[in-house]
Amino acid sequence: MESSSISPLQTEAEALKSEILELKQQKVQLLAQQLQQTQDKLNQLLNEDIRQLEDRKKSLQITVEQLERRQERIQSEMRKTFAGASQEVAVRVQGFKDYLVTSLQDVALAAEQLELMPKAEVASAPVEQKPSTTSSSSAPEPQTAPLPAAQPRFASQSFQEETRQIRRLIEQYRTSPNYYGPPWQLRRTFEPLHAERVSKWFFSLGGRGAVRSAGTRLQNILVASAVISILNDLYGERLFPLILANSPERLGDWRRGLQDCLGIDRAEFGPDRGIALFESPEALAQKADRLVKDNDLPLILLDDSEDTVSLSVLQFPLWLAFVPDPQLRRDRQQVDWFE
């Protein structure tokens, strides 16, 4: 009787133990499933956050690249302007020895010594005048020992007063730039690089010769603007700059650059105005010849794109040519400045 009653209890106890063990196993499995689900959700959330961060990173990289491109454009524009390019060009041209090829120097010196006018024409030339030694507004007075009309030689002893005035103006442009000065006065930053070329042209070449390009057309225009400003201070309305370049685009660069550097407007440009632009050397020579006959002073400025220039252009009292750096033209034919 007792054994029969114990047996069902044992059986029930065994069943309960089995159920408890099964429940424990189910609990462990459930916890493992919940843990796995939690980890999956965390991984999903983490992956989503990582994806968002990567998208944001890509967006920021695109923004940075756009800003870098914008910075490059701004720097490129600055390099094309006078103030922004001066330091870069000054660094790039350090170490240059002499800015003229020896052969060009020899040819230029030989050209200066040529008899450009027959003696009969020299004898019938207009009354010679000496450049003003006071201000641009006073008219030049006749010389007691006449030279051919309007042929300044700044390197000669007879131009000591003009030499002092030119040096004073170059130093003023370099150390005390006046960005709001009157028209025809230089209004841009003037670096030692530019001062060296202007001084060389006045005092070593005597106002007639070629100087090495400053690196860009805008930099060359700045050098030419300083020359124009100084000569305008010396000769006033007698001065007529004549620009020679072989394309309308280059002449457009010269017009805009001179307007910017000298504070003049477009009305100053024209065949019968202050500055004349030419694509043809023959037309320029004809204009310069008329100015000389009227006892005016043509200043001929030759763009560095001019590989050959007629001798008829270089016979006049003042001319400034810009010669590209020979190191940049090694693969090109040697420049011939005379036909």
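In what follows, the structure referred to is the one given above.
For the structure given in this document, a descriptive report is provided here.

Each value, and the rule that gives it
Residues numbered from 1 in each chain as written. Predicted model: local features only at pLDDT ≥ 70, side-chain atom pairs only at ≥ 80, totals over all residues. Heavy atoms only, no water. Helix = DSSP H or I, 4+ residues; strand = E, 2+ residues; numbered from the N terminus. Contact = heavy atoms within 4.5 Å. Areas by Shrake-Rupley, 256 points an atom, 1.4 Å probe, with all protein chains shown as cover. Pairing = 2+ DSSP bridges. Axes fitted to C-alpha atoms, helices over the stretch in contact; angles between N-to-C directions. Core = buried A, V, L, I, M, F, W, Y, C linked by side-chain atoms within 4.5 Å. Buried < 20%, exposed > 50% of the residue type's maximum accessible area, 1.4 Å probe, protein only. Parallel < 35°, antiparallel > 145°, perpendicular 65-115°, else oblique. Left-handed = near helix turned anticlockwise from the far one by under 90°. Nonpolar A, V, L, I, M, F, W, Y, C, P; charged D, E, K, R; others polar. Polar contact = N/O pair within 3.5 Å; in protein donor to acceptor, adjacent residues only side chain to side chain. Expected span 1.5 Å × (residues − 1). Salt bridge = Lys/Arg side-chain N within 4 Å of Asp/Glu carboxyl O. Phe/Tyr/Trp six-rings, centres within 6.5 Å; stacked < 30°, edge-to-face > 60°. Lys NZ or Arg CZ within 6 Å of the ring centre and 35° of its normal.

## Re the overall build of the protein
Part 1 of the argument: A count of helices and strands for the protein gives nine helices and five strands.
Part 2 of the argument: Along the protein, helices (α) and strands (β) appear in the sequence α-α-α-α-α-α-β-α-β-α-β-α-β-β when read from the amino end.
Part 3 of the argument: Pairs at least 24 residues apart make up 72% of the contacts formed inside the protein by residues separated by at least 6 positions.
Part 4 of the argument: With an accessible surface of roughly 20300 Å², the protein has 52% of that area assigned to carbon and sulfur atoms.

## Considerations on the sheet that holds strand E1 (residues 208–212)
Part 1 of the argument: Strand order in the open sheet formed by five strands is E1-E5-E4-E2-E3, and the pairing between neighbours is parallel. Edge strands, defined here as strands with exactly one partner in the open sheet, are E1 and strand E3 (276–278). Averaged over neighbouring strand pairs, the angle between their axes works out to 20° when direction is ignored.
Part 2 of the argument: Relative to strand E5 (residues 318–323), E1 runs parallel, the two being bridged by five bridges. Paired with Gly209 across the strands is Leu320, a residue of E5.

## A few points about the nonpolar core
Part 1 of the argument: Residues Val198, Trp201, Phe202, Ile230, Leu231, Leu258 and Leu299 are the most contacted members of the largest nonpolar core, which totals 42 residues.
Part 2 of the argument: Counting residues per element, the ones that place at least two in this core are helix H5 (160–175), helix H6 (192–204), helix H7 (217–235), strand E2 (239–244), helix H8 (248–262), strand E4 (297–302) and E5.
Part 3 of the argument: Ranked by residue count, the leading element in this core is H7, at 11 residues.

## Overview of the pairing of E5
Side chains on a regular strand alternate between the two faces of the sheet.
Part 1 of the argument: Taken across its six residues, E5 has six buried, putting it largely inside the fold.
Part 2 of the argument: Residues of E5 alternate between two faces, with Leu318, Leu320 and Phe322 on one and Trp319, Ala321 and Val323 on the opposite face, all of them buried.
Part 3 of the argument: As defined by bridge partners, E4 adjoins E5 across four bridges and the pair is classed as parallel. Counted as the bridge partner of Leu301 is Leu320 from E5.

## So, the packing of H6 against H7
Part 1 of the argument: Taken N-terminus to C-terminus, the directions of H6 and H7 make an angle of 50°; their axes are 10 Å apart at the nearest point. Relative to H7, the element H6 is oriented oblique. In the packing of H6 onto H7, the handedness of the crossing is right-handed. In this structure, H6 uses His194, Arg197, Val198, Trp201 and Phe202 to contact H7, whose residues at the interface are Gln219, Leu222, Val223, Ala226, Val227, Ile230 and Leu231.
Part 2 of the argument: Looking at the contact of H6 with H7 residue by residue, the class counts come to nine nonpolar, two polar and one charged.

## Observations regarding the environment of Tyr173
Part 1 of the argument: Relative to the helices and strands, Tyr173 is located in helix H5.
Part 2 of the argument: Tyr173 sits in the buried class, given a relative accessible area of 5%.
Part 3 of the argument: Sequence separation between Tyr173 and Glu191 is 18 residues, and the spatial gap between their C-alpha atoms is 8.6 Å.
Part 4 of the argument: The contact partners of Tyr173, leaving out residues within four places of it in the chain, are Leu186, Phe190, Ala226, Ser229 and Ile230.
Part 5 of the argument: Within the structure, Tyr173 has its side chain in polar contact with the side chain of Ser229 (distance 2.5 Å).

## Thoughts on H6
Part 1 of the argument: The end-to-end C-alpha separation of H6 is 17 Å, in line with the 18 Å expected for 13 residues at 1.5 Å each.
Part 2 of the argument: Among the residues of H6, Leu193, His194, Ala195, Arg197, Val198, Trp201, Phe202 and Phe203 are the ones counted as buried.

## A few points about the pattern of salt bridges
Part 1 of the argument: Applying the stated criterion to the full structure yields 11 salt bridges.
Part 2 of the argument: Arg164 is the partner of Glu161 in a salt bridge, and the nearest nitrogen-oxygen pair spans 2.7 Å. In this pair, Glu161 and Arg164 are both assigned in helix H5, three residues apart and thus about one turn of the helix distant.
Part 3 of the argument: The exposure class assigned to Glu161 is partly exposed, which follows from its relative accessible area of 32%.
Part 4 of the argument: A relative accessible area of 51% places Arg164 in the exposed class.
Part 5 of the argument: Measuring nitrogen to oxygen at the nearest pair gives 2.8 Å for the salt bridge that ties Asp253 to Arg256. With Asp253 and Arg256 both in helix H8, this residue pair falls three residues apart, about one helical turn.

## Re unusual backbone geometry
Part 1 of the argument: In the Ramachandran plot, Trp184 falls in the positive-phi region, its phi being about 75° despite a non-glycine side chain.
Part 2 of the argument: Mapped onto the secondary structure, Trp184 falls in the loop between H5 and H6.
Part 3 of the argument: You will see that Asn295, though not glycine, has its phi angle at about 65°, which is positive.
Part 4 of the argument: Tracing the backbone through its elements, the reader meets Asn295 in the loop between helix H9 (281–293) and E4.
Part 5 of the argument: The buried category is assigned to Asn295, whose relative accessible area is 14%.

## Quick word on the packing of aromatic side chains
Part 1 of the argument: This model, assessed by the stated rule, comprises four aromatic pairs.
Part 2 of the argument: Judged by centre distance (6.3 Å) and plane angle (45°), the ring pair of Trp254 and Phe322 falls under tilted. Pair noted here: Trp254 is in helix H8 and Phe322 is in strand E5, with a separation of 68 residues, a long-range link.
Part 3 of the argument: By relative accessible area, Trp254 is classed as buried at 0%.
Part 4 of the argument: Cluster of aromatic residues (ring-pair linked, three or more members): Trp201, Phe202 and Phe203.
Part 5 of the argument: The ring of Phe203 has Arg167 lying over it, and the distance from NZ or CZ to the ring centre is 3.9 Å.

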